[in-house]
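Listed here are the chains, written in short residue letters.
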Amino acid sequence: MTGTDPRPLTGEPVALDLLNTRWMRDGELQDLFAGADGLTRMEGLAVWLGTNGLEQRFRADAPTLIHLLTAREALARAVAAPADASALALVDGVLEHGRIRLTLDADGQGERPEFADPSWGPAWTAARNYLDLLAAGPDRIRPCASASCVLHFFDTSRNGTRRWCSMAACGNRAKASRHYARTRER
């Protein structure tokens, strides 16, 4: 993997991790695929592929980046407006570039994704993961509650009440802001 991942939130499911390649830092939008932290676009792509365990199967090249940007926009629109038919059509358009092939071997039944054009692989993988998230709990796909944050997460808390991308970052800022407001009122 080229470089370290500069993003404040990693480890989310691949669909949301793709959305989280854009984040805010000091009031400015950062983009892993557009030179954040001095990385070139291809280095940013290589970092993202590595973070998601895709670097062995897919190349960090221009066609892969273009397809990932297409998928990121489609997923962003679908997450923002889950009932918007045009947004869903964009995700479906990404999904058209791959399929699941059922397999059978000594270990039993399995699945293997197939792509006519391998450069669509990471984009398709993210779109396919979005379908899995929808099946697991569409109401648990959330944006961070902070107005100054653009990150998304999949709420895996038992009671489903997570509000922040990270309690250490946005959650603490919100608590500190509320505390400051209370002490100023006194």
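Look a little higher up for the structure.
For every chain, the first residue of the written sequence is number 1, and numbering continues from 1 along that sequence. Totals for whole chains, interfaces and linings use all residues, but because this is a predicted model, local features are given only for residues with pLDDT of at least 70 and pairs of side-chain atoms are given and counted only at 80 or more. Based on all heavy atoms of the structure, the side-chain values leave hydrogens and waters out of the count.

Peer 1: Would you mind going over the pairing of strand E1 (residues 22-25) with me for this structure?
Peer 2: Within a regular strand, side chains alternate between the sheet's two faces. In this scheme, strands are said to pair when DSSP sees at least two bridges between them. Only DSSP runs of H or I reaching four residues or more are called helices, and only runs of E reaching two or more are called strands; each is numbered from the N terminus. By the bridge criterion, 4 bridges tie E1 to strand E2 (residues 28-31) in an arrangement that is antiparallel. Residue Arg22 lies in a different strand from E2, and its bridge partner there is Asp31. Here E1 folds back onto E2, and the loop between the two strands holds 2 residues, one of which, Asp26, carries a positive phi near 50 degrees.

Peer 1: Looking at this structure, I do not really get the packing of aromatic side chains. What am I missing?
Peer 2: The relative placement of two aromatic rings is captured by the distance of their centres and the angle of their planes. To pair, rings of Phe, Tyr and Trp, with the six-membered ring standing in for Trp, must have centres within 6.5 Å; the planes then decide the type, stacked if under 30 degrees apart, edge-to-face if over 60, and tilted in the middle. Under the counting rule described, the total for this entry stands at 3 aromatic pairs. Arranged with centres 6.4 Å apart and planes meeting at 80 degrees, the rings of Phe33 and Trp48 form a pair that is edge-to-face. Here the residue Phe33 occupies a position in the loop between E2 and helix H2 (41-51), and Trp48 occupies one in helix H2, the gap between them amounting to 15 residues. This pair shows no difference in class: Phe33 is buried, exactly as Trp48 is. Taking the centre distance of 5.8 Å and the plane angle of 70 degrees together, the rings of Phe58 and Phe115 count as edge-to-face. Placement of the pair is Phe58 in the loop between H2 and helix H3 (62-80) and Phe115 in the loop between strand E4 (108-114) and helix H5 (121-136), with a sequence separation of 57 residues. For Phe58, a relative accessible area of 8% corresponds to the buried category. Accessibility here uses a 1.4 Å probe with only protein chains present; expressed as a share of the type maximum, an area under 20% marks a residue as buried, one over 50% as exposed, and anything in between as partly exposed.

Peer 1: Which parts of the structure should I look at to understand a nonpolar patch on the surface?
Peer 2: Like-charged residues are merged into a patch within 9 Å and nonpolar side chains (Val, Leu, Ile, Met, Phe, Trp, Tyr) within 5 Å, provided each residue has over 30% relative accessible area and no salt bridge. Under the convention used here, a 1.4 Å probe and the Shrake-Rupley method define accessible areas, while residue burial counts only the protein chains that appear. The working definition used for a salt bridge is a side-chain nitrogen of Lys or Arg within 4 Å of a carboxyl oxygen of Asp or Glu. On the surface, Met24, Leu29 and Val150 cluster together into a nonpolar patch covering about 230 Å² of accessible area. Among the structural elements, Leu29 can be located in strand E2.

Peer 1: Looking at this structure, I do not really get the nonpolar core. What am I missing?
Peer 2: Side chains that are nonpolar tend, in soluble globular proteins, to be buried together. We define a nonpolar core as any set of buried Ala, Val, Leu, Ile, Met, Phe, Trp, Tyr and Cys residues linked to one another through side-chain atoms lying within 4.5 Å. Counting 45 residues, the largest nonpolar core has Leu18, Phe33, Trp48, Leu75, Val91, Tyr130 and Cys165 as the members making the most contacts within it. Looking at this core, the elements with two or more residues in it are helix H1 (14-19), H2, H3, helix H4 (85-95), H5 and strand E6 (152-154).

Peer 1: Explanation requested: the side chain of Glu12 in the structure shown.
Peer 2: Checked against the element boundaries, Glu12 lands in the segment before H1. For Glu12, a relative accessible area of 12% translates into the label buried. Whenever two N or O atoms come within 3.5 Å, that pair is a polar contact, provided that in protein one can donate a hydrogen and the other can accept it, and provided that, for residues adjacent in sequence, both atoms are side-chain atoms. Side-chain polar atoms of Glu12 contact the backbone nitrogen of Phe154, separated by 2.8 Å.

Peer 1: Would you explain H2 in this entry?
Peer 2: An α-helical turn contains 3.6 residues, so any two residues separated by three or four positions project in the same direction. Regarding H2, the residues found buried are Gly44, Leu45, Ala46, Val47, Trp48, Leu49 and Gly50. For this analysis, residues touch if any pair of their heavy atoms sits within 4.5 Å. Residues of H2 that are buried sit in contact with H1, H3 and H5. Just past H2, the residue Gly53 takes up positive phi, approximately 70 degrees.

Coordinates in, geometry out; function isn't part of it.
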